[in-house]
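Residue-level listing of the chains:
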Amino acid sequence: MNTSVEMKILRLRFRSLSILCVLGTLTLVLVYLPPSYRPSQLLLSGPDSSLVVKSLQDQEIEDNLESIIARENEFADIQVPAARVGQDEAEPDNAHQNEPPPAPVAESIRANKTSIQTGQAAEEDHPLSDANEHDSYVQDYPDYTPANFIEVMKDQPSQKGKDKQSVKKKKPARLKNSFAFERLGSPIYSPEALRLRAMSFPSNSTLRAFIAEQERRTQHLKTECNGFLSPATDVESKGLAPPPGLAGVHNLLLDRTNNIAYCPIYKAASTSWTITLLEIGGYWRKDHHKKNINLQSLVRQVYPKISNFAGPALTRSMTRFMVVRHPFERLLSCYRDKFEQAKKAFYYTRYGDKMVRNYRKFPPHITSSQLGMLQEQVRAKVLAGVPVHLPGNPFAEPLGPMFSEFVQYVLHAKHDDEHWRTYFDHCTPCHMSYQFVLRFEDINREGKEFIEYLNRTSQVEMRWENPTQGGSTNDVICSYYGELSRKTIQELVKKYEKDFNLFEYKPDKYLECASD
C-alpha cells in the first residue's frame, strides 16, 4: 500500500518537472525571437490585418532607431581626423565650411517614417478623384463660358477648370485714390438711405418717374410669377428642400461692402455693368483696358458668384437689380458675336460644328465617315486661327452654322448655354425679388437714373463695352429671322414664353419676318 502511494507521488513530481522544462524552453524561445515573429503581433487578424503590417513595420523602425541612437551616443565624442587621404588632402581646410551639416541618421529615419505615414494617410483620406466624371459633366453641361473672345480681357477656356481646383488667389486691394475707398462702408449708401434720398427728389423729377416705373415692373413680376410657380410641397414649404433646379444655379454677384446684388445676363450689357460694379467697389480704373486686366479673373476674386437659392436670404438688405433684353434680339446678338462665320474658335468647336453636322443638308453621296473627315478638316483650321479656304467642303460653305441651324440647335439642345438660357432660369426672378429691372433697349437713360439712385454719379459713368460688330442687332433682325419659318419662330416663342410674359416683351415684329 505504501509502495503504490510513493509511486504515484513520483509520477506527479516527474510530470511537474516536465511541464516546468517545457515552459522554460518556450520562454527562452519567445525571448530570442525577432519582433516580427512574436505571437502577440501575429494574433491580430481579420479585418484589421492592415494594422498588423503597420504595427510590425513601426516596431522594426523603432528597434532600428534605438540601436542607431545608441551608436550615435557612443561615438558622439570621437574626434574625426583633420587629415584625409587621396584627393581630399588637396582641398583647403574651409572647403566644406559653408556646407550645411549632415542631419543625424536617426533624424532622417524619423523624417522618412513621418513622410511614409503621411503619404499613407493621404492615400486613405483622398482616394482617386472622379476627374473623368467631372470632365464628362463639363462637356454635357457647358454652363461656363470663356470670355477671352470678348474685347475686354477675360479667361482662356482651358484655364477655367484649373481655377476651380487651384488655391484661391488673394483678393486684390482697392484703389487708394478711388471714390469708393474714401467712402467705404459709409451709411449714406445703405438701401434705406438711398431710398430716402431718392424720395426727397421732386415728384416730377426724372428719378421719381424712374422709381415709379421700376415699382410697376416689379409688381408685374410678382403677379405673373404667381401663375408660373407650382404649389410647394410640404417639404419645400417647410424650407427643407430647394425648389427643383434652383440649388445648382450660381449666377448672382454680391458686393457686400456697398450692398449691391447683380444678376448678369450675357448679351444684355453684362460686361458694362460688371465693370461698373467693380468701379463702385474701387477695383477698376479707366486705364485697366490698356493694361489688359483680366475681367473674369478679377470678378471671381472680388465678387464670387453665389447660389440663386441662397440669394433671397443673403440679399435681403441689398439693392438688387438685373438688365433684360428682348429674348429674340439677345438670341440674334449671341449668334452674331459667337457663331457667325466661326468667329470664336472655342464656340465653333464646342457647339458650332455640331450645329452644322446635325442640321445642314449634305449631298447624299457623302458617307458618314467622309463627313467626319471633312468636319475635322475645317475644325483644325479654325482652331489654328488660319483662313479656311476649302472649296467643295460643305462645312466651309458657309463657314460656321447658319442662323437657322443655330436656332434648331437651341430648340433641341438638352442643356442651355448661359448665352441663350431663359431669364426665368438664369436669374430666377420668381424666387428672388429684384427691386430694379433695367431694359437694354433704353439702357442709356435708365442706367443713368439707376446710378443717380445709387448716389454714384460723380464716381462712375455709363459705358458701352463689347458691342456686336457689323451694325446694330435691331437693324438687321429680318435679314436673319427671315431664314426661319413661322412655325420655327412660334417654337422659339414657346421656349421663351415666360420671359415674354414676365418682362412684357412681344414677338409680333419677329413673326412678321418669317419666310412663309
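What counts, and at which threshold
Here the residue index of a chain counts from 1 through its sequence in written order. At least 70 in pLDDT is required for a residue's local features to be given in this predicted model, at least 80 for side-chain atom pairs to be given and counted, and no such filter applies to totals for whole chains, interfaces and linings, which use all residues. Water and hydrogen atoms play no part in the side-chain values, which are based on all heavy atoms of the structure. Labels follow the DSSP assignment, with helices taken as runs of H or I lasting at least four residues and strands as runs of E lasting at least two, numbered in each case from the N terminus. Polar contact criterion, stated in full: a pair of N or O atoms within 3.5 Å, where within protein one must be able to donate a hydrogen and the other to accept it, and residues adjacent in sequence count only if both atoms are side-chain atoms. In short, DSSP must find at least two bridges between two strands for them to pair. Fitted lines through C-alpha atoms give the axes, limited to the stretch in contact for helices. The angle between two N-to-C directions lies from 0 to 180 degrees. By definition, residues are in contact when any of their heavy atoms lie within 4.5 Å. For classification, angles of less than 35 degrees are called roughly parallel, those exceeding 145 degrees roughly antiparallel, those between 65 and 115 degrees roughly perpendicular, and all remaining angles oblique. Under the convention adopted here, Pro, Cys and the residues Ala, Val, Leu, Ile, Met, Phe, Trp and Tyr are nonpolar, Asp, Glu, Lys and Arg are charged, and Gly plus all remaining residues are polar. Here a cavity means grid points, on a 1 Å grid over the protein atoms only, where a 1.4 Å probe fits yet cannot get out; a pocket means an open set of points with protein on both sides within 12 Å along at least five of seven lines; lining residues are those with an atom within 4 Å of a point. Grid points are joined across faces, edges and corners, and a volume is the space filled by probe spheres set on the points. A score from 0 to 100, pLDDT tells how confident the predictor is in each residue. Exposure above 30% relative accessible area and the absence of a salt bridge qualify a residue for a patch, where like charges join within 9 Å and nonpolar side chains (Val, Leu, Ile, Met, Phe, Trp, Tyr) within 5 Å. Values of accessible area rely on a 1.4 Å probe in the Shrake-Rupley scheme; residue burial ignores everything except the protein chains shown. By definition, a salt bridge exists where a carboxyl oxygen of Asp or Glu is found within 4 Å of a side-chain nitrogen of Lys or Arg. Burial status follows relative accessibility: with a 1.4 Å probe on protein chains alone, a residue under 20% of its type maximum counts as buried, one over 50% as exposed, and anything between as partly exposed.

Here we look at the side chain of glutamine 459
Along the chain, glutamine 459 falls in the loop between helix H19 (443-453) and helix H20 (477-481). At a separation of 3.2 Å, a polar atom in the side chain of glutamine 459 contacts the main-chain carbonyl oxygen of isoleucine 280.

Focus on the sheet that holds strand E2 (residues 260-263)
An order of E1-E2-E3-E4 is seen for the four strands of this open sheet, with the pairing classed as mixed. A single partner strand is all that each edge strand has here, and the edge strands are strand E1 (253-255) and strand E4 (436-439). Put simply, the sheet's adjacent strands are angled 20° from each other on average, direction ignored. The pairing of strand E3 (residues 319-324) with E4 spans four bridges and is parallel. Along E4, the bridge assignment pairs phenylalanine 321 with phenylalanine 436. Across the sheet, helix H11 (residues 270-281) lies against E1, E2, E3 and E4, angled at about 165° from E2, the strand it touches most. Its contacts with the sheet place H19 against E3 and E4, and it is angled at close to 150° to E4.

Things to note about the packing of helix H8 (residues 191-199) against helix H9 (residues 206-228)
Taken N-terminus to C-terminus, the directions of H8 and H9 make an angle of 120°; their axes are 9 Å apart at the nearest point. Judged by the inter-axis angle, H8 sits oblique to H9. Contacts between H8 and H9 pair Arg195, Ala198 and Met199 from the former with Leu207, Arg208, Ile211 and Glu215 from the latter. Looking at the contact of H8 with H9, its residues break down into four nonpolar, no polar and three charged.

Details of empty space enclosed by the protein
For the structure on display, the rule yields one cavity of 30 Å³ or more. The calculated volume of the largest cavity comes to roughly 60 Å³. Taken together, Arg217, Leu221, Val324, Val437, Arg439, Leu502, Phe503 and Glu504 form the lining of the largest cavity. If you list the elements that add at least two residues to the lining of the largest cavity, you get H9 and E4.

Points about the confidence of the model for the protein
Put simply, the protein has an average pLDDT of 75, and 63% of its residues get 70 or more. Note on residues 40-56: pLDDT is under 50 here. Beyond four places in sequence and across chains, it has 12 contacts. Low pLDDT, under 50, characterises residues 176-184; the stretch is placed with 17 contacts to residues that sit more than four places away or in other chains.

Side note on a nonpolar patch on the surface
Residues Ile19, Leu20, Val22, Leu23 and Leu26 make up a contiguous nonpolar surface patch of about 500 Å² in total accessible area. Note on placement: leucine 23 falls in helix H1 (residues 2-32). Judged by relative accessible area, which is 48%, leucine 23 ranks as partly exposed.

Here we look at the pattern of salt bridges
Evaluation of the coordinates by the stated rule reveals 16 salt bridges. Among the ionic pairs, arginine 195 bridges to glutamate 215, the shortest N-O distance being 2.7 Å. On the criterion of sequence distance, the pair formed by arginine 195 in helix H8 and glutamate 215 in helix H9 is long-range, its members being 20 residues apart. By relative accessible area, which is 41% here, glutamate 215 ends up partly exposed. For aspartate 337, the salt bridge goes to lysine 338, with nearest N and O atoms at 3.2 Å.

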